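Tertiary structure, described
Residue-level listing of the chains:
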Amino acid sequence: MKADNLEIYADGAGLMVRPTISKLSFYSVVDISENHGQKETEEELKVQIVIPTLTLLKLCARFLTQVKTDEKGIINTIDSHKEEIIKTLANLTLKESDGE
């Protein structure tokens with residue numbers, strides 16, 4: 001891989017997984033406003049990547065392996081962002097697949 005490849009910073013990501021092709025969407029927050037006491041963010045799509053689902057699975061496996069390798073540093077970072085992480089996890093819900 002060349003060192004001069006394009007690098008894009010993203011604040012967040014979205015994911016659509018299908019049997020053969022998956023899409024990864026990366027966005028950045030461009031504005032944060034408050035409406036009736038609720039924070040609202042305006043996001044700008046930075047890049048969308050369409051890849052074979054098998055490639056995505058391999059990427060996820062490599063990602064998790066790297067997370068395990070860097071576990072100590074990640075834990076230190078988590079400690080410094082504990083409140084935000086707890087809030088994010090508290091708002092997380094998982095839905096079972098409907099067989100698609």
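Before reading further, recall that the structure is shown in the block above.
This text gives an overview of the structure that appears in the document. In this text, all values refer to a predicted model and were calculated from it rather than measured experimentally.

**Here's the deal with the overall build of the chain**
A tally of helices and strands in the chain yields three helices and three strands. Mapped from its N terminus to its C terminus, the chain presents α and β elements in the order β-β-β-α-α-α. A compact globule built from 100 residues would reach a C-alpha radius of gyration of about 13 Å, whereas the chain, at 17 Å, exceeds it by more than 25%. Dimensions along the principal axes, computed over C-alpha positions, put the chain at roughly 45 × 40 × 35 Å. Taking as baseline every contact in the chain between residues at least 6 positions apart, the subset at least 24 positions apart corresponds to 35%. Put simply, the chain shows about 9200 Å² of open surface, and 56% of that area lies on carbon and sulfur atoms.

**Looking at the side chain of Ser25**
Mapping Ser25 onto the fold places it in strand E2 (residues 21-35). In terms of polar contacts, Ser25 uses its side chain to reach the side chain of Gln48, at 2.8 Å. The contact partners of Ser25, leaving out residues within four places of it in the chain, are Gly12, Ala13, Gly14, Leu45, Val47 and Gln48.

**What about the pattern of salt bridges?**
It is possible for side chains of opposite charge to pair when their charged atoms get near one another. In total, this model carries two salt bridges according to the counting rule given. With a shortest N-O distance of 3.3 Å, Glu44 and Lys46 are connected by a salt bridge. Taking relative accessible area as the criterion, Lys46 reaches 39% and is therefore assigned partly exposed.

**Digging into the sheet that holds E2**
What holds strands together in a sheet is hydrogen bonding between their backbones, with the strands either parallel or antiparallel. Here we have three strands laid out as an open sheet, ordered E1-E2-E3, and antiparallel in their pairing. Bordering the open sheet on either side are strand E1 (12-17) and strand E3 (38-52), each of which pairs with just one other strand. The sheet shows a mean angle of 25° between the axes of neighbouring strands, taken without regard to direction. Pairing of E1 with E2, which is carried by six bridges, proceeds in the antiparallel orientation.

**Overview of unusual backbone geometry**
Most peptide bonds adopt trans geometry, and most residues besides glycine take a negative phi value. With phi around 55°, His36 is a residue other than glycine that occupies positive phi space. Note on placement: His36 falls in the loop between E2 and E3. Given the relative accessible area of 78%, His36 is considered exposed.

**Some remarks on the pairing of E2**
Between E1 and E2, which pair antiparallel in sequence order, lie three residues. Two strands pair when backbone bridges link them, and E2 and E3 are joined in this way by 14 bridges, in the antiparallel orientation. When the sheet's bridge partners are listed, Val29 is paired in E3 with Glu43. What sits between the antiparallel neighbours E2 and E3 is a turn of two residues, in which His36 has the positive phi angle 55°.

**Details of the environment of Glu44**
With respect to the helices, strands and loops of the structure, Glu44 is situated in strand E3. For Glu44, a relative accessible area of 38% corresponds to the partly exposed category. Linking Glu44 and Glu84, residues 40 residues apart in sequence, is a C-alpha distance of 22 Å. Those residues in contact with Glu44, other than ones at most four positions away along the chain, are Phe26, Tyr27, Ser28 and Val30.

About the criteria used
Here the residue numbering is sequential within each chain, running from 1 through the sequence in written order. Given that the model is predicted, a residue must reach a pLDDT of at least 70 before its local features are reported, and side-chain atom pairs must reach 80 or more before they are shown or counted; all residues, however, enter totals for whole chains, interfaces and linings. The side-chain values count all of the structure's non-hydrogen atoms but skip hydrogen atoms and water molecules. Strands here are runs of E lasting at least two residues and helices are runs of H or I lasting at least four, both read from the DSSP assignment and numbered beginning at the N terminus. Between the two quantities, the radius of gyration covers C-alpha atoms and the globule rule is 2.2 Å times the number of residues to the power 0.38. Note on contacts: a residue pair qualifies if any of its non-hydrogen atoms lie within 4.5 Å across the two residues. All accessible-area figures derive from a Shrake-Rupley calculation using a 1.4 Å probe, and residue coverage is judged against the displayed protein chains alone. Polar contact is the term for a pair of N or O atoms within 3.5 Å; when the atoms are in protein, one must be able to donate a hydrogen and the other to accept it, and sequence-neighboring residues count only if both atoms are side-chain atoms. Basic side-chain nitrogens of Lys or Arg form a salt bridge, by our definition, when they fall within 4 Å of a carboxyl oxygen of Asp or Glu. For each residue, the accessible area found with a 1.4 Å probe, counting protein chains only, is set against the maximum for its type, and the residue is called buried under 20%, exposed over 50%, and partly exposed in between. Two strands pair under a simple rule: DSSP has to find at least two bridges between them. Axis definition: a line fitted to C-alpha atoms, over the contacting stretch in the case of helices. Angles run 0 to 180 degrees between N-to-C directions.

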